[in-house]
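Residues per chain are reported as follows:
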Amino acid sequence: MDRRLSIAPMMDWTDRHCRAFHRALTSRALLYTEMVTAPAVIHGDRERLLGFDAVEHPVALQLGGSDPEQLAEAARIGAAFGYDEINLNVGCPSDRVQSGRFGACLMREPALVADCMAAIRSAVTVPATVKCRIGVDDQDPAISLFETVDACAAVGIEVFIVHARKAWLQGLSPKENRDVPPLDYALVRRLKRGRPHLSVTINGGVASLDEAETHLDDADGVQLDGVMLGRAAYHEPAILGQADRRLYGAATPDIDAFAAVDRYRPSMAARLAEGVHLPAMTRHMLGLMHGRPGARTFRRILTVEAVKPGAGLEVVDRALDAVREAEARSELRTEAA
């Protein structure tokens, strides 16, 4: 796997439909599941929780938990499903996650994180990786980040995705934790400078491919291994259509919004045939036409008409036609002016 670009695991967002849609835009970016807890994987409906389409590769499973034995078992199950990587969440700040003693609160327990990662690594042959914050609450990030990374590296872990913010477990909501704590990109670059043998991907606040390219620039002598996009990739997915060319040097043309929907159509048709309702898939497309004439109508059609009983791909076609018509009108006005 080339980790130059990955799409962050995001709860309630990066489900299998979202991933199939994102894959229609980029063939190369590494995709991640939503976080799934180890007990859920072991005891829950595995097909519902872990099922994915082969077109999603490369795709990683993110697990939540703090029991090494449970995580090892969940990792084995995930690897058997065909995931290309097993990732441990050491960054989610939600109250529910804290109550289960996993997520960002594990930044306080680097030895436990290392035990968990050792168990996962011994259970699977695919890469075992960590996604973490730089610290929590009153921790000194220059200490907490390095302690967590070094403890995991000591048991053979080589890949780290670092959200370059602290998480405040008291006083900030999960939403506020995505924006309020200041970003410290320099610390992540310092980590890579000091641990050049490790793979380090930077995450947090990256809003465009321009910014991604800047992070991948080695002008300061530090060559990060990758950039992880989160909300930008979700709210403005069309930017992913340029990723293969701009970040991977692919000679193939960019994938525009209309071509992406064409590529996503077989997946939507297959899921509809299985009984999946259209909104489960089209909700991930709402930002596709961001900034284009007709974008508001596109969103309205997909939001209002997709929920109607029996709604099928004809709804998507109407939404696309609305954009084409709006763009044609805009071109006529431009020519008239």
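As the structure is a computational prediction, the values presented were derived from the model and not from experiment. (Residues numbered from 1 in each chain as written. Predicted model: local features only at pLDDT ≥ 70, side-chain atom pairs only at ≥ 80, totals over all residues. Heavy atoms only, no water.)

Draft legend 1. Inspection of the pattern of salt bridges at higher detail. Under the counting rule described, the total for this entry stands at 18 salt bridges. Of the charged contacts, one joins Arg 19 and Glu 56 as a salt bridge, the two residues approaching to 2.5 Å between their closest N and O atoms. Separated by 37 residues along the polypeptide, Arg 19 in helix 1 (residues 16–25) and Glu 56 in the loop between helix 3 (46–50) and strand 3 (59–64) bring together distant segments of the chain. For the residue pair Arg 19 and Glu 56, the accessibility class agrees, reading buried in each case. The shortest N-O distance in the salt bridge between Glu 327 and Arg 292 comes to 2.7 Å. Of this pair, Glu 327 sits in helix 15 (residues 313–336) while Arg 292 sits in the loop between helix 13 (279–282) and helix 14 (295–304), and the two are 35 residues apart along the sequence. Owing to a relative accessible area of 18%, Glu 327 belongs among the buried residues under this scheme. Each of the salt bridges in this network shares a partner with another, and the network as a whole consists of Asp 53, Arg 271 and Glu 274. (Salt bridge = Lys/Arg side-chain N within 4 Å of Asp/Glu carboxyl O. Helix = DSSP H or I, 4+ residues; strand = E, 2+ residues; numbered from the N terminus. Buried < 20%, exposed > 50% of the residue type's maximum accessible area, 1.4 Å probe, protein only.)

Draft legend 2. Broad picture of the layout of surface pockets. Approximately 750 Å³ is the volume attributed to the largest pocket. Taken together, 33 residues make up the lining of the largest pocket; nearest its centre are Pro 9, Met 10, Met 11, His 163 and Arg 178. Put simply, the parts of the chain that give the lining of the largest pocket at least two residues each are strand 2 (30–37), strand 4 (85–90), strand 10 (226–229) and helix 10 (231–235). Taken together, the residues of the lining of the largest pocket sort by class into 15 nonpolar, nine polar and nine charged. The computed volume of the second largest pocket comes to approximately 360 Å³. What lines the second largest pocket is a set of 14 residues, and nearest its centre among them are Asp 15, Arg 16, Glu 34, Arg 48 and Leu 49. When contributions to the lining of the second largest pocket are tallied by element, the ones reaching two or more residues are helix 1, strand 2 and helix 3. Per-element tally for the lining of the second largest pocket: the top contributor is strand 2, with four residues. Of the residues in the lining of the second largest pocket, the class split is five nonpolar, three polar and six charged. (1 Å grid on protein atoms, 1.4 Å probe; cavity = no way out; pocket = protein on both sides within 12 Å on 5 of 7 lines; lining within 4 Å. Points joined across faces, edges and corners; volume = space filled by probe spheres on them. Nonpolar A, V, L, I, M, F, W, Y, C, P; charged D, E, K, R; others polar.)

Draft legend 3. Structural view of the sheet that holds strand 4. One closed barrel holds the eight strands; their spatial order is 1-2-3-4-5-7-9-10, and the pairing between them is parallel. The average angle at which neighbouring strand axes cross in this sheet is 25 degrees, direction not considered. Note that strand 5 (residues 128–132) and strand 7 (residues 159–163) share four bridges and pair parallel. Residue pairing in the sheet places Lys 131 in a bridge with Ile 161 of strand 7. Sitting on the sheet, helix 4 (residues 68–81) touches strand 3 and strand 4, and the angle it makes with strand 3 is about 160 degrees. Across the sheet, helix 6 (residues 110–123) touches strand 4 and strand 5, and the angle it forms with strand 4 is around 165 degrees. (Pairing = 2+ DSSP bridges. Axes fitted to C-alpha atoms, helices over the stretch in contact; angles between N-to-C directions. Contact = heavy atoms within 4.5 Å.)

Draft legend 4. Molecular detail of the pairing of strand 2. Within strand 2, seven of the eight residues are buried, which leaves it mostly tucked inside the rest of the structure. Relative to strand 2, strand 1 (residues 5–7) runs parallel, the two being bridged by two bridges. Within the sheet, the bridge partner assigned to Ile 7 lies in strand 2 and is Leu 31. Relative to strand 3, strand 2 runs parallel, the two sharing five bridges. Bridge assignment links Thr 37 to a residue of strand 3, and that residue is Gly 64.

Draft legend 5. Region of interest: the packing of helix 14 against helix 15. Running from N to C, helix 14 and helix 15 cross one another at 170 degrees; their axes reach a closest spacing of 8 Å. Regarding the angle of helix 14 to helix 15, the classification is roughly antiparallel. As helix 14 packs across helix 15, the resulting crossing turns out to be right-handed. Residue-level inspection shows Thr 297, Phe 298, Ile 301 and Leu 302 of helix 14 in contact with helix 15, the latter providing Val 315, Val 316, Arg 318, Ala 319, Leu 320, Ala 322 and Val 323. Of the residues that constitute the contact of helix 14 with helix 15, the class distribution is nine nonpolar, one polar and one charged. (Parallel < 35°, antiparallel > 145°, perpendicular 65-115°, else oblique. Left-handed = near helix turned anticlockwise from the far one by under 90°.)

Draft legend 6. Focus on the pairing of strand 4. Counting buried residues along strand 4, six of its six residues qualify, which places the element largely inside the surrounding structure. Of the two faces of strand 4, the one carrying Glu 85, Asn 87 and Asn 89 and the one carrying Ile 86, Leu 88 and Val 90 are both buried. Considered for its hand, the β-α-β crossover made up of strand 3, helix 4 and strand 4 is right-handed. Relative to strand 5, strand 4 runs parallel, the two being bridged by five bridges. Among the inter-strand pairings, Leu 88 is bridged to a residue of strand 5, identified as Val 130. (Right-handed = clockwise from strand over helix to strand, strands pointing away.)

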